Amino acid sequence: MTIQLGQTAPDFVQDSTQGPIHFHSWLGSGWGILFSHPKDFTPVCTTELGAVARLAPEWARRNTKVLGLSVDELKDHTAWEADIAETQGSTVDFPILADADKKVATLYGMIHPEADPKVTVRSVFIIDPNKKIRLTLTYPPSAGRNFDEILRVLDSLQLTDSQKVTTPADWRAGEEVIIAPSVSDDEARKLFPQGWKALKPYLRLVKLSADHKTPSVP
């Protein structure tokens, strides 16, 4: 199955390290990140889950739940968490789906047969409070993910959902943003009384005032 931006994230019920997960109910009214890893007790995955665990305060600040997945058994997940805590210095405090029947992996197109028909690729999905898919990423099994980038996109999505702006290349929370092309100059004067810098009529950069800051900016 091909998951596309804007479609409703497929719902499911699957067992996890924190009990059965009914996905849409578990997400509630917040944001969610679903990410898969190829196999338990593998080196890259161990560092990734440690990284996600260390970012727990950042996910919380963004009202975002994270959910891992692999096609290994629940007993393997539980044993592996001890290794992650020992080697990465972080306790895994989020659930990991035990998708041994590949139900969720199939729903989300996480298995790429020509790469490896037995395991999931490194997929990432950001899901908004309306249960819509807002980002998809697919990494090869050998490359660990950059979760700072996932946080960065999450900040952009949350900001641009609340303001009539978009974010430029390499944007970080607190930096200048772009006034959306759909906003006329007259409307922009009302929305952004602090003024803006127009590099071109379609490229207007504005520094948001303090009350427009994203959750990641203290």
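As a convention, each chain's residues are numbered from 1 in the sequence order in which they are written. The predicted origin of the model limits local features to residues at a pLDDT of at least 70 and limits the giving and counting of side-chain atom pairs to 80 or more, whereas totals for whole chains, interfaces and linings rest on all residues. The side-chain numbers reported here are obtained from all heavy atoms of the structure, hydrogens and water having been left aside.

### Some points on the confidence of the model for the protein chain
Stage number 1. Per residue, pLDDT measures the predictor's confidence, with a range of 0 to 100. Looking at the protein chain, the pLDDT average stands at 90 and 92% of residues meet or exceed 70.
Stage number 2. Confidence drops under a pLDDT of 50 for residues 214–218, and excluding neighbours within four residues, the segment shows 16 contacts in the predicted structure. Any two residues whose heavy atoms approach within 4.5 Å are treated as being in contact.

### Considerations on the UniProt feature "active site" (unreviewed entry) in the protein chain
Stage number 1. The sites that carry the UniProt feature "active site" (unreviewed entry) are, in the present numbering, C45.
Stage number 2. Within the secondary structure, C45 sits in helix α2 (residues 43–54).
Stage number 3. The class for C45 is buried, based on a relative accessible area of 1%.
Stage number 4. When near neighbours in sequence (up to four residues on either side) are disregarded, C45 contacts H37, P38, K39, W80 and R122. UniProt positions are given in the numbering used here, feature names are shortened, and annotations may be inferred rather than shown by experiment. The secondary structure listing takes helices from DSSP runs of H or I that are at least 4 residues long and strands from runs of E that are at least 2 residues long, numbered from the N terminus. Exposure categories follow from relative accessible area, calculated using a 1.4 Å probe and restricted to protein chains: below 20% of the type maximum is buried, above 50% is exposed, and the middle band is partly exposed.

### Section: the packing of aromatic side chains
Stage number 1. Each pair of aromatic rings taken from Phe, Tyr and Trp, with Trp reduced to its six-membered ring, is defined by centres within 6.5 Å and is described as stacked if the planes are under 30 degrees apart, edge-to-face if over 60, and tilted in the remaining cases. Per the counting criterion, the structure on display carries eight aromatic pairs.
Stage number 2. On the basis of an interplanar angle of 10° and a centroid distance of 4.7 Å, the ring pair of F12 and F23 is categorised as stacked. Placement of F12 in the segment before β1 (13–14) and of F23 in helix α1 (residues 23–27) is noted, with a sequence separation of eleven residues between them.
Stage number 3. Under the relative-accessibility criterion, F12 is labelled buried at 5%.
Stage number 4. A relative accessible area of 1% means that F23 is categorised as buried.
Stage number 5. The interplanar angle of 75° and the centroid separation of 5.8 Å between the aromatic rings of F35 and F147 together place this pair among those described as edge-to-face. Here F35 is found in strand β3 (residues 31–36), whereas its partner F147 is found in helix α6 (residues 147–162), with 112 residues between them in sequence.
Stage number 6. A relative accessible area of 1% means that F35 is categorised as buried.
Stage number 7. An aromatic cluster of at least three residues, connected via ring pairs, comprises F12, F23, W26, Y108 and F125.
Stage number 8. Of note, K65 hangs over the ring of W26, and the distance from its end group to the ring centre comes to 5.1 Å. Note on criteria: charge over ring means Lys NZ or Arg CZ within 6 Å of the ring centre, with the direction from the centre no more than 35 degrees off the ring normal.

### Some points on helix α4 (residues 74–88)
Stage number 1. The first and last C-alpha atoms of α4 sit 21 Å apart over 15 residues, in line with the 21 Å expected at 1.5 Å per residue.
Stage number 2. The set of residues buried in α4 consists of H77, W80, E81 and I84.
Stage number 3. Remark: G89 follows α4 within two positions and exhibits a positive phi of approximately 70°. For a helix, the expected span equals 1.5 Å multiplied by the number of residues minus one.

### Quick notes on the pattern of salt bridges
Stage number 1. We count a salt bridge whenever a side-chain nitrogen from Lys or Arg sits within 4 Å of a carboxyl oxygen from Asp or Glu. Counting across every chain of the model gives 13 salt bridges.
Stage number 2. R62 is the partner of E58 in a salt bridge, and the nearest nitrogen-oxygen pair spans 2.8 Å.
Stage number 3. The class for R62 is buried, based on a relative accessible area of 4%.
Stage number 4. R189 is the salt-bridge partner of D186, the closest N and O atoms lying 2.7 Å from each other. Placement of both D186 and R189 in helix α7 (residues 185–191) is noted, with a separation of three residues, approximately one turn of the helix.

### Things to note about the pairing of strand β6 (residues 122–127)
Stage number 1. Of all six residues that make up β6, six are buried, and the element is covered over most of its length.
Stage number 2. Residues of β6 alternate between two faces, with R122, V124 and I126 on one and S123, F125 and I127 on the opposite face, all of them buried.
Stage number 3. Pairing between two strands requires that DSSP report at least two bridges joining them. Sheet topology note: the β3/β6 ladder contains four bridges and is antiparallel. Of the residues in β6, the one forming a bridge with I33 is I126.
Stage number 4. Bridge count for β6 against strand β7 (residues 133–139) is six bridges, and the pairing is antiparallel. What sits directly across from F125, in β7, is T136.
Stage number 5. Following β6, the chain reverses through five residues before pairing antiparallel with β7; K131 in that reversal takes a positive phi of roughly 70°.

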